[in-house]
Protein chains: 2
Amino acid sequence: MTDLRLQILGSGSAMPTKSRNQVAQVLSLHNKTFLIDCGEATQVQMVRFAVSTSRLNHIFISHLHGDHCFGLIGLISTLGMRGRTADLYIHSHPALEPLLSPALNFFCRDLPFKVIFQPYDHTSTEVIFEDRSMEVSVFPLKHSLPSSGFLIKEKEKERHIIPEKVKFYQVPVKEIPLIKQGADYITAEGEIIPNNHLTSDPSPSKSFAYCSDTIYDEKILPYIEGVDLLYHEATFLHEHLAKAKSTMHTTALQAATLAQKAHVHRLLIGHFSARYDDLSPLLKEAQSVFPETSIVKDGTIFDL
Amino acid sequence: MTDLRLQILGSGSAMPTKSRNQVAQVLSLHNKTFLIDCGEATQVQMVRFAVSTSRLNHIFISHLHGDHCFGLIGLISTLGMRGRTADLYIHSHPALEPLLSPALNFFCRDLPFKVIFQPYDHTSTEVIFEDRSMEVSVFPLKHSLPSSGFLIKEKEKERHIIPEKVKFYQVPVKEIPLIKQGADYITAEGEIIPNNHLTSDPSPSKSFAYCSDTIYDEKILPYIEGVDLLYHEATFLHEHLAKAKSTMHTTALQAATLAQKAHVHRLLIGHFSARYDDLSPLLKEAQSVFPETSIVKDGTIFDL
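Quick caveat, the model's predicted, so the values are computed rather than measured. (Residues numbered from 1 in each chain as written. Chains lettered and ligands numbered in written order. Predicted model: local features only at pLDDT ≥ 70, side-chain atom pairs only at ≥ 80, totals over all residues. Heavy atoms only, no water.)

### Some words on the overall build of chain A
Within chain A one finds 10 helices and 18 strands. Across its three principal directions, the C-alpha atoms of chain A cover 70 × 55 × 35 Å. Taking all 304 residues of chain A together, the buried fraction comes to 56%. A separation of at least 24 residues holds for 64% of the contacts in chain A among residues at least 6 apart in sequence. Surface summary for chain A: the accessible area is close to 13,100 Å², and the carbon and sulfur share equals 52%. Here chain A contributes 29 positively and 34 negatively charged side chains, and the mean placements of these two sets differ by 4 Å. (Helix = DSSP H or I, 4+ residues; strand = E, 2+ residues; numbered from the N terminus. Buried < 20%, exposed > 50% of the residue type's maximum accessible area, 1.4 Å probe, protein only. Contact = heavy atoms within 4.5 Å. Areas by Shrake-Rupley, 256 points an atom, 1.4 Å probe, with all protein chains shown as cover. Lys, Arg positive; Asp, Glu negative; His and termini not counted. Charge placed at Lys NZ, Arg CZ, Asp CG, Glu CD.)

This is how it looks when you write it as structure tokens:
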């Protein structure tokens, strides 16, 4: 089991194509499942790619264009028919709740679970979800309407115990949790054993940043700096820069430039315009600037 | 080109499966395209099966369960992005307009065409659309909420001119349209040539009836009597009759019984529950009563 798994459910943009559905990605982290954006037919893609929703409790919507949220009502309706009982949290711009609620009330009467809207401020960089092991924060993107990126990162992990040292110093089991968190150990004789004699550094914490939809904007660099995996939209080839600018989208070259400037480890590009049948020119263009680029396709899994 | 072509876009019921999308069917008749029901991902299926929307001006929604209408907002949004300008008529229960309008206003601002809601009375048997060559009427079904069937039939066609007779009587060209409509011809000498000396019977008018969703109900028989093609839902096998009754759906056996009693020419069954992977038992069950039964599958075309 890897720490972080990203599965693409939709790699297209507003107009679906034969091979590219509207936007949706499933992130699995520490046995939790998060859905990021939910374009039309997301529930169909979940069936197609056998995505389990049993641990899905949080959905994050980047902005209120239809290709990022038209699938919510159908997904929620189906989760209800399947007998789900756990609360479902939808993190989004505040305007979603008054739009979706009348449809929920009409089409999903007697839903056996609660849909809880958790609006966030798209101008802020706040943490919108956290638990013991991870946190999700938002940061502003620049699009034709309020749009936000998501930074999902593991919290610092516990230090690794060095078994032979723990045995040598006869550390009692009840002390281990504190030592994993960095505490020194004081022996019965009062001797202080520094933590770094007993432990080694924790496994690195993984991070994933999601940026869709947005025009090229270097203001996001501090938020995505050094992430393990960056997904950035690349709706157009750079030869269509004028179109990218007028629709407030990014080119493959620009997405790669941001990845390079932010020193990320790996870049995924997607949200491709329906005009492109062959995606290899988009990949080549991005790789010319940032070689560690992959294109996303419906169904593809990226493990970290 | 056949007179009437039906293409299935979704053969499933509420929960989509890997092979069965939610409900939608495209009917082509006299170079017009009609969409009947519009479950989620109908626009995706249209792309997948290369369905042209250039002649699509009327959408008929049988009832307001999500699997019959969740695809409307996405389809309309995409038609707008493609630059459609012709008015689009949606025929449905009156409750659809107040549900869909807020979403249209928010997600489809500046739509380059008008969406015109044409509510119909689900208790009536009125004609809800007609033109020179065809008409669409509704009739009540029995479901857990107001649900309607659609009867789509060609009007009586023009009689066929018998060329050698027209030549023999030297009928002027300007008289031909009236003669095609059944008029006799009066020669310059005042002789009456009866129409049936000049023409042969018109090609038979085609008819299609659509019944989804409904419990078994013989009250629909007068409306579907003798149609060329009957689509009737068959959500369950007859061994699941109790489930069919409690959810107000029909079994394959019951759909076939209605087809037989109504003397239709051909029966299509669909709207299959997600519980059935193999559909052959449903087909066998219906054919045991009404041999001219076919099951519908996503993408299948039926030509009349």
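Further notes follow.
### Notes on the relation of the copies chain B and chain A
Of the transformation placing chain B onto chain A, the axial shift is 0.0 Å and the rotation is 180°, giving an RMSD of 0.1 Å. Between the two chains, the operation in question is that of a two-fold axis. The rotation axis passes nearest to the C-alpha of Ala41(B) in chain B, at a distance of 2.6 Å. A symmetric contact is evident, with 100% of the interface residues of chain B recurring at the interface of chain A. (Least-squares fit on C-alpha atoms with pLDDT ≥ 70 in both.)

### Side note on the interface of chain B and chain A
Taken together, the 35 residues of chain B in the interface contact 35 residues of chain A. For the pair chain B and chain A, the number of links is 0 salt bridges. Scanning the region where chain B abuts chain A turns up 4 residue pairs in polar contact (both at pLDDT 80 or more). Of all elements in the fold, only helix H1 (42-48), helix H2 (72-81) and helix H3 (96-107) of chain B reach the threshold of two or more residues within the side of chain B that touches chain A. At 6 residues, the largest contribution of residues to the side of chain B that touches chain A is made by H2(B). The class makeup of the residues in the side of chain B that touches chain A is 19 nonpolar, 11 polar and 5 charged. (Salt bridge = Lys/Arg side-chain N within 4 Å of Asp/Glu carboxyl O. Polar contact = N/O pair within 3.5 Å; in protein donor to acceptor, adjacent residues only side chain to side chain. Nonpolar A, V, L, I, M, F, W, Y, C, P; charged D, E, K, R; others polar.)

### Focus: H2(B)
Every α-helix carries 3.6 residues per turn, so stepping three or four residues along brings you back to the same face. Residue and element names in this part refer to chain B. Extensive coverage of H2 is indicated by the burial of 9 of its 10 residues. Leu72, Ile73, Gly74, Leu75, Ile76, Ser77, Thr78, Leu79 and Gly80 are the residues of H2 that are buried. In the core, the buried residues of H2 are packed alongside strand S3 (32-38), H1, strand S4 (56-60), strand S5 (88-92), H3 and strand S6 (115-119). Where H2 ends, the next residue or the one after it, Gly83, has phi of about 85°, a positive value.

### Some words on the pairing of strand S14 (residues 207-211) of chain A
For a regular strand, side chains alternate in direction, first toward one face of the sheet and then toward the other. In terms of burial, S14(A) is a largely internal element, 5 of the 5 residues being buried. Neither face of S14(A) is exposed, since Ser207(A), Ala209(A) and Cys211(A) on one face and Phe208(A) and Tyr210(A) on the opposite face are all buried.

### Observations concerning the side chain of Thr17(B)
Looking at the secondary structure, you find Thr17(B) in the loop between strand S1 (4-10) and strand S2 (24-29). With near-sequence residues (within four places) excluded, Thr17(B) lies in contact with Val47(A) and Ala274(B).

### Re the nonpolar core
In this structure, Leu35(A) and Leu35(B) are the most contacted members of the largest nonpolar core, which totals 60 residues. Beyond its immediate stretch of four places on either side in the chain, Leu35(B) contacts Leu9(B), Ala24(B), Gln25(B), Val26(B), Thr42(B), Met46(B), Leu56(B), His58(B), Ile59(B), Phe60(B) and Leu75(B). (Core = buried A, V, L, I, M, F, W, Y, C linked by side-chain atoms within 4.5 Å.)

### Concerning the sheet that holds strand S9 (residues 147-154) of chain B
Either a parallel or an antiparallel arrangement is found when strands of a sheet pair, and the pairing is made through backbone hydrogen bonds. Residue and element names in this part refer to chain B. Pairing within the open sheet is mixed, and its 7 strands lie in the order S7-S8-S9-S14-S15-S16-S17. Single-partner strands in this sheet number two, and they are strand S7 (127-130) and strand S17 (293-295). Averaged over all pairs of adjacent strands, the angle between their axes in this sheet comes to 20°, without regard to strand direction. Contacting strand S15 (229-233) and strand S16 (267-270), helix H9 (residues 252-261) crosses the sheet at an angle of about 155° to S16. Each of S16 and S17 touches helix H10 (residues 280-287); the most contacted strand, S17, lies at about 165° to it. (Pairing = 2+ DSSP bridges. Axes fitted to C-alpha atoms, helices over the stretch in contact; angles between N-to-C directions.)

### A few points about the packing of helix H2 (residues 72-81) of chain A against helix H3 (residues 96-107) of chain A
Residue and element names in this part refer to chain A. Between H2 and H3, the shortest axis-to-axis distance is 11 Å and the interhelical angle comes to 45°. Taken together, the axis directions place H2 and H3 in an arrangement best described as oblique. For H2 against H3, the interelement crossing comes out right-handed. Contacts from Leu72, Ile73 and Ile76 in H2 reach Leu96, Leu100, Ala103 and Leu104 in H3. Residues belonging to the contact of H2 with H3 are distributed by class as follows: 7 nonpolar, no polar and no charged. (Parallel < 35°, antiparallel > 145°, perpendicular 65-115°, else oblique. Left-handed = near helix turned anticlockwise from the far one by under 90°.)

### Concerning the pairing of S16(B)
All names here are of chain B. Burial of the side chains of S16 extends over both faces: Leu267 and Ile269 are buried on one face and Leu268 and Gly270 on the other. Direction of pairing for S15 relative to S16: parallel, over a ladder of 4 bridges. When the sheet's bridge partners are listed, Leu230 is paired in S16 with Leu267. One ladder, built from 3 bridges, connects S16 with S17; its direction is parallel. Each bridged residue has a counterpart across the sheet, and for Leu267 the counterpart in S17 is Thr293. Note that the unit made of S16, H10 and S17 has a crossover that is right-handed. (Right-handed = clockwise from strand over helix to strand, strands pointing away.)

### Looking at the side chain of Gln45(B)
Residue and element names in this part refer to chain B. By secondary structure assignment, the location of Gln45 is in helix H1. For Gln45, a relative accessible area of 4% corresponds to the buried category. Discounting chain neighbours no more than four positions away, the residues touching Gln45 are Leu9, Asn21 and Asp298.

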